[in-house]
Amino acid sequence: MKIVYMGTPEFAVPPLKAIINSGHNVAGVFTQPDKPKGRGYVLTPPPVKECAAENNIPVFQPTSMKNEETLNILKELAPDIIVVVAFGKILPKEILDLPKYGCVNVHASLLPRYRGAGPIQWCVLNGEKETGVTTMKMAEGLDTGDMLLKSITKIGENETAGQLHDRLSDMGAELIVKTLSAIENNTVTPKKQDDSLSNYAPMLTKKLCKIDWSCTAQAVHNQVRGLNPWPVAAAEVNGKRVKIYSTLLSDQRGEAGRVICENPLTVACGEGAVIINEIQPEGKKRMNSRDYVRGYRITTDTVFE
């Protein structure tokens, strides 16, 4: 099939590579405009743009999908189908209706659960035991289109959102190739979503970072996992902010927020405790907790707030 691909971040790269390797004709790639990054604010292309350039695929970076110029480009490309993976822009009805087979999206959850921009992180934050990817026919609503195929996976007890992100990206790559084949061979039946089973997964903000040590150890552990690699769970120790990247569960007990063991560094929660593996003091690099305890004189009198 002749395909136009729309995607932006690293998550969208493996699916694009899989489509290219499967032999389909990718006529063009649409992605977000280059953005300044890093301390030097260097203008940096999105990962999908780099992948497209490596494969000599024309790249388009419109500031809006809702103008005549963008629509005319797509009409000229004349795709059989548009594949959308973490593109970051809403498609108007004129584009949704343009291709012969419509527009298909790869969404990183088991729809209708976790519609929205942050499905991977919220699955971890909420302590879900399994998740997956869903391909769906795109409609005008937010992740409300008819479902095509699904792939399911267990979430590891200590798996971070970043680790799950990478696994789901690879799963999405496999699933979109299967979906395109099924559409081309007319062997898939779209299934409507049950809106009553849906919930919303908004974008993450730094307001989620502060740890409430009166919560259960499981809730704190989920928060640390779900906010890694960004925006990262945080606490205050002796008036200084620390970021906490990695924890394990412990059944030890104590006063919430207080250090109950120095090696391994264990902090009590409202119920149970967490062992901190990796931590970043304010203004310093990430380090293992053993180095942190030695360098910052952490004792069983220390309280995490």
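Structure's up top.
Residues numbered from 1 in each chain as written. Predicted model: local features only at pLDDT ≥ 70, side-chain atom pairs only at ≥ 80, totals over all residues. Heavy atoms only, no water.

J.: Please clarify how the packing of helix α1 (residues 13–21) against helix α2 (residues 47–54) should be interpreted in this entry.
T.: When two helices pack together, their arrangement is captured by the angle between the axes and the distance separating the axes. The N-to-C vectors of α1 and α2 enclose an angle of 20°; their axes lie 9 Å apart at closest approach. One element, α1, and the other, α2, form an angle in the roughly parallel class. Seen along the crossing, α1 lies across α2 with a hand that is right-handed. Taking contact as the criterion, the partners of Val-13, Leu-16 and Lys-17 in α1 are, on α2, Pro-47, Val-48, Cys-51 and Ala-52. Residue classes in the contact of α1 with α2 are distributed as 6 nonpolar, no polar and 1 charged. (Axes fitted to C-alpha atoms, helices over the stretch in contact; angles between N-to-C directions. Helix = DSSP H or I, 4+ residues; strand = E, 2+ residues; numbered from the N terminus. Parallel < 35°, antiparallel > 145°, perpendicular 65-115°, else oblique. Left-handed = near helix turned anticlockwise from the far one by under 90°. Contact = heavy atoms within 4.5 Å. Nonpolar A, V, L, I, M, F, W, Y, C, P; charged D, E, K, R; others polar.)

J.: Mind showing me how you'd approach the side chain of Ser-169 here?
T.: Mapping Ser-169 onto the fold places it in helix α6 (residues 161–184). Residue classification places Ser-169 among the buried positions, given a relative accessible area of 3%. Leaving out residues up to four positions away in the same chain, Ser-169 has contacts with Glu-10, Phe-11, Pro-14 and Pro-15. (Buried < 20%, exposed > 50% of the residue type's maximum accessible area, 1.4 Å probe, protein only.)

J.: It is not clear to me how the environment of Ala-201 should be interpreted in this structure. Could you clarify?
T.: By the element assignment, Ala-201 lies in the loop between α6 and α7 (217–226). With near-sequence residues (within four places) excluded, Ala-201 lies in contact with Tyr-114, Arg-115, Gly-116, Ala-117, Gly-118, Pro-119 and Trp-122.

J.: Just to check I follow, could you spell out the nonpolar core for this structure?
T.: Across soluble globular proteins, you tend to see nonpolar side chains buried next to one another. Counting 64 residues, the largest nonpolar core has Tyr-5, Trp-213, Ile-244, Tyr-292 and Phe-304 as the members making the most contacts within it. Counting residues per element, this core draws most heavily on α6, at 9 residues. Leaving out residues up to four positions away in the same chain, Trp-213 has contacts with Val-220, Ala-235, Ile-244, Ala-256, Gly-257, Val-267, Ala-268, Cys-269, Gly-270, Val-274, Phe-304 and Glu-305. Formed by 15 residues, the second largest nonpolar core is a distinct cluster that contains Met-6, Leu-71, Val-84 and Cys-103. (Core = buried A, V, L, I, M, F, W, Y, C linked by side-chain atoms within 4.5 Å.)

J.: What is the right way to read the pairing of strand β7 (residues 103–107) from this model?
T.: Two faces belong to every sheet, and in a regular strand the side chains alternate between them. With 5 of 5 residues buried, β7 lies mostly within the body of the structure. Of the two faces of β7, the one carrying Cys-103, Asn-105 and His-107 and the one carrying Val-104 and Val-106 are both buried. Relative to β7, strand β6 (residues 81–85) runs parallel, the two being bridged by 3 bridges. The residue bridging Val-84 from the neighbouring strand is Asn-105, located in β7. In the sheet, β7 pairs with strand β8 (residues 130–137) via 4 bridges, with the strands oriented antiparallel. (Pairing = 2+ DSSP bridges.)

J.: Just to check I follow, could you spell out the packing of α1 against α6 for this structure?
T.: Running from N to C, α1 and α6 point in directions that differ by 35°, and their axes come no closer than 8 Å. In terms of crossing hand, the pair formed by α1 and α6 is right-handed. Here α1 contributes Pro-14, Pro-15, Ala-18 and Ile-19 to the contact with α6, which in turn contributes Ser-169, Asp-170, Gly-172, Ala-173, Ile-176, Val-177 and Leu-180. Counted by class, the contact of α1 with α6 contains 8 nonpolar, 2 polar and 1 charged residues.

J.: Looking at this structure, how should I read the packing of aromatic side chains?
T.: How two aromatic rings sit relative to each other is given by the distance of their centres and the angle of their planes. One pass over the structure, following the stated rule, counts 3 aromatic pairs. The aromatic ring of Tyr-245 is capped on one face by Arg-286, whose charged end is 3.7 Å from the ring centroid. (Phe/Tyr/Trp six-rings, centres within 6.5 Å; stacked < 30°, edge-to-face > 60°. Lys NZ or Arg CZ within 6 Å of the ring centre and 35° of its normal.)

J.: How do you make sense of the side chain of Thr-31 when you look at a structure like this?
T.: In this fold, Thr-31 is placed in the loop between β2 (25–30) and β3 (35–37). Note on Thr-31: relative accessible area 0%, which makes it buried. Here Gly-7 takes part through its backbone oxygen, which lies 2.8 Å from a polar atom of the side chain of Thr-31. Every residue in contact with Thr-31, bar those within four places of it in the chain, is listed here: Gly-7, Thr-8, Pro-46, Val-48, Lys-49, Val-59, Phe-60, Gln-61, Pro-62 and Phe-87. (Polar contact = N/O pair within 3.5 Å; in protein donor to acceptor, adjacent residues only side chain to side chain.)

J.: It is not clear to me how unusual backbone geometry should be interpreted in this structure. Could you clarify?
T.: Most peptide bonds take the trans form, and the phi angle of most residues other than glycine is negative. Omega for the peptide link from Asn-228 to Pro-229 comes to 25°, which places this bond in the cis form. Along the chain, Pro-229 falls in the loop between α7 and β10 (233–237). Following Trp-230, the chain continues into Pro-231 via a peptide bond in cis, with omega recorded as 5°. Here Pro-231 lies in the loop between α7 and β10.

J.: Got a minute to help me understand a positive patch on the surface in this structure?
T.: Taken together, Lys-206, Lys-210, Arg-241 and Lys-243 make up a surface patch of like positive charges. Take Lys-210: it is sitting in the loop between α6 and α7. (Patch = residues over 30% accessible without salt bridge, like charges linked within 9 Å, V, L, I, M, F, W, Y side chains within 5 Å. Areas by Shrake-Rupley, 256 points an atom, 1.4 Å probe, with all protein chains shown as cover. Salt bridge = Lys/Arg side-chain N within 4 Å of Asp/Glu carboxyl O. Lys, Arg positive; Asp, Glu negative; His and termini not counted. Charge placed at Lys NZ, Arg CZ, Asp CG, Glu CD.)

J.: Could you clarify how one ought to interpret the pattern of salt bridges in this entry?
T.: Side chains that differ in charge, positive against negative, can pair when their charged atoms come close. Within the structure shown, the criterion is met by 10 salt bridges. When the shortest N-O distance is used, the salt bridge between Arg-113 and Glu-128 registers 4.0 Å. With a gap of 15 residues between them, Arg-113 in the loop between β7 and α5 (119–125) and Glu-128 in the loop between α5 and β8 connect regions that are remote in the sequence. Glu-128 gets classed as partly exposed once you look at its relative accessible area, which sits at 27%. For the salt bridge of Glu-159 with Arg-167, the shortest nitrogen-to-oxygen distance reads 2.7 Å.

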